[in-house]
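The chain contents come next:
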Amino acid sequence: MALGLLWLSLALLGFLQTQAQDSTQNLIPAPPLDRVPLQPDFQNELFQGKWYIVGLAGNAFNKEEHSQLKMYATTYELNEENSYNVTSILAWNETCDHWLRIFIPSSQPGEFTLGNIERYIGTQSYTVRVVATDYNQVATVFFKTVYKNREFFKITLYGRTKELTHELKENFISFAKALGLTDEHIIFPIHIDQCIDE
């Protein structure tokens, strides 16, 4: 149970770390941030609200081990100082688990860091970049975490609904591959209704 909760917290911090020690020994290097696009003229108020996690890709993902990952939902609630309260909810062991984080804006609109990072033992840095969004249908968000001196990165495909077009999914796959990931690192979570439609 404790290991499962640890896995959950790491997944929601922006990466999935496999249980086998050697499976992350040869991680694909995280790209430098200047290789990751940033949504031009990012609009904080339009980005807030509920997003479903429709696709995931990352250097600690393994399609074989994470093929049963269930869809979850994340809600961004804008604060006065342009930070977000970010709440993720997912079905876990027959319960609905909630995970709350605070994303603090950086000097560039659309880029954030993790608030209260000292609470996350071993996490040295945590960066979030909104790569692209139309605010109404889809968003691609990049997460980079330095955890115990190792760099993990994840790309998340958000949808305002649980279904996105084939073209949007193909664009997501192309972007993930442009950052060095392969098909083995790209997952489309299983659709569920439990918890995430609360």
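Here's what I pulled together on the structure shown here. Along each chain, residue indices are assigned from 1 in the same order as the chain's sequence is written. Side-chain atom pairs in this predicted model are given and counted only at pLDDT of 80 or more, local residue features only at pLDDT of at least 70, and totals for whole chains, interfaces and linings cover all residues. Based on all heavy atoms of the structure, the side-chain values leave hydrogens and waters out of the count.

## Side note on the overall build of the chain
(1) Moving on: Each helix and strand in the chain was counted, giving three helices and nine strands.
(2) Moving on: Reading the secondary structure of the chain in the N-to-C direction produces α-α-β-β-β-β-β-β-β-β-α-β.
(3) Moving on: Taking all 198 residues of the chain together, 52% fall into the buried category.
(4) Moving on: Note on contacts: a residue pair is in contact if any heavy atoms of the two residues lie within 4.5 Å. Within the chain, residue pairs in contact and separated by at least 24 positions form 60% of the contacts whose partners lie at least 6 positions apart.
(5) Moving on: Only carbon and sulfur atoms are counted for the fraction: they give 51% of the accessible area of the chain, which is about 9700 Å². Numbering of helices and strands runs from the N terminus, with a helix taken as a DSSP run of H or I at least four residues long and a strand as a DSSP run of E at least two residues long. Burial classes: relative accessible area under 20% of the type maximum marks a residue as buried, over 50% as exposed, and values in between as partly exposed (1.4 Å probe, protein chains only). Method for areas: the Shrake-Rupley scheme with a 1.4 Å probe, in which residue coverage is limited to the protein chains shown.

## A look at the environment of Tyr147
(1) Moving on: One can find Tyr147 in strand S7 (residues 138–147).
(2) Moving on: The exposure class assigned to Tyr147 is buried, which follows from its relative accessible area of 11%.
(3) Moving on: Between the C-alpha atom of Tyr147 and that of Gly122, which follows or precedes it by 25 residues, the distance is 5.4 Å.

## Structural notes on the pattern of salt bridges
(1) Moving on: Salt bridges are defined as contacts in which a side-chain nitrogen from Lys or Arg sits within 4 Å of a carboxyl oxygen from Asp or Glu. Per the counting criterion, the structure on display carries five salt bridges.
(2) Moving on: Asp197 is the partner of Lys162 in a salt bridge, and the nearest nitrogen-oxygen pair spans 2.7 Å. Residue Lys162 is found in the loop between strand S8 (150–159) and helix H3 (166–178), and its partner Asp197 is found in the segment after strand S9 (186–187); the two are separated by 35 residues along the sequence.
(3) Moving on: A salt bridge links Lys177 to Asp183; the nearest nitrogen and oxygen atoms lie 2.9 Å apart.
(4) Moving on: Residue classification places Asp183 among the partly exposed positions, given a relative accessible area of 39%.

## Here we look at the pairing of S7
(1) Moving on: Taken across its 10 residues, S7 has 10 buried, putting it largely inside the fold.
(2) Moving on: Burial of S7 is two-sided: the residues Val138, Thr140, Phe142, Lys144 and Val146 facing one way and the residues Ala139, Val141, Phe143, Thr145 and Tyr147 facing the other way are all buried.
(3) Moving on: In this sheet, S7 lies alongside strand S6 (residues 123–133) in antiparallel orientation, the contact comprising nine bridges. Residue pairing for S7: Thr133 is matched across the bridge by Ala139.
(4) Moving on: Between S6 and S7, which pair antiparallel one after the other, the connecting turn spans four residues, and Tyr135 there sits at a positive phi close to 70 degrees. Here, strands pair whenever DSSP counts at least two bridges between them.

## Describing the pairing of S6
Every regular strand shows the same layout, with side chains that alternate between the two sheet faces.
(1) Moving on: Most of S6 is tucked away: eight of the 11 residues are buried.
(2) Moving on: Here three bridges tie strand S5 (residues 111–114) to S6, and the two strands are oriented antiparallel to one another. Across the sheet, Thr113 pairs through a bridge with Thr127, a residue of S6.

## Here's the deal with the environment of Val36
(1) Moving on: Assignment of secondary structure puts Val36 in the loop between helix H1 (2–12) and helix H2 (44–47).
(2) Moving on: Val36 sits in the buried class, given a relative accessible area of 3%.
(3) Moving on: Along the backbone, Val36 and Phe175 are 139 residues apart, and their C-alpha atoms lie at a distance of 9.6 Å.
(4) Moving on: Val36 has contacts with Pro31, Arg129, Val131, Phe142 and Phe175, leaving out every residue within four places of it along the chain.

## Description of the state of the cysteines
(1) Moving on: A pair of sulfur atoms, both from cysteines and within 2.5 Å, is called a disulfide here. Applying the stated criterion across every chain yields a total of one disulfide.
(2) Moving on: Covalent S-S linkage joins Cys96 and Cys195, the inter-sulfur distance amounting to 2.0 Å. Judged by the sign of its S-S torsion, about -85 degrees, the bond between Cys96 and Cys195 is left-handed. With Cys96 in strand S4 (residues 95–105) and Cys195 in the segment after S9, this residue pair connects regions lying 99 residues apart in the sequence.
(3) Moving on: Assessed through its relative accessible area of 30%, Cys96 is described here as partly exposed.

## Observations regarding the side chain of Lys162
(1) Moving on: Here Lys162 falls in the buried class, since its relative accessible area comes to 15%.
(2) Moving on: Two N or O atoms count as a polar contact when they lie within 3.5 Å, although within protein this holds only if one can serve as hydrogen donor and the other as acceptor, and sequence-adjacent residues are included solely when both atoms are side-chain atoms. One polar contact links Lys162 to Asp193, side chain to side chain, over a distance of 2.5 Å.
(3) Moving on: Here the side chain of Lys162 touches Asp197 through a polar contact of 2.7 Å, side chain to side chain.
(4) Moving on: Every residue in contact with Lys162, bar those within four places of it in the chain, is listed here: Tyr52, Val54, Met71, His191, Ile192, Asp193, Ile196 and Asp197.

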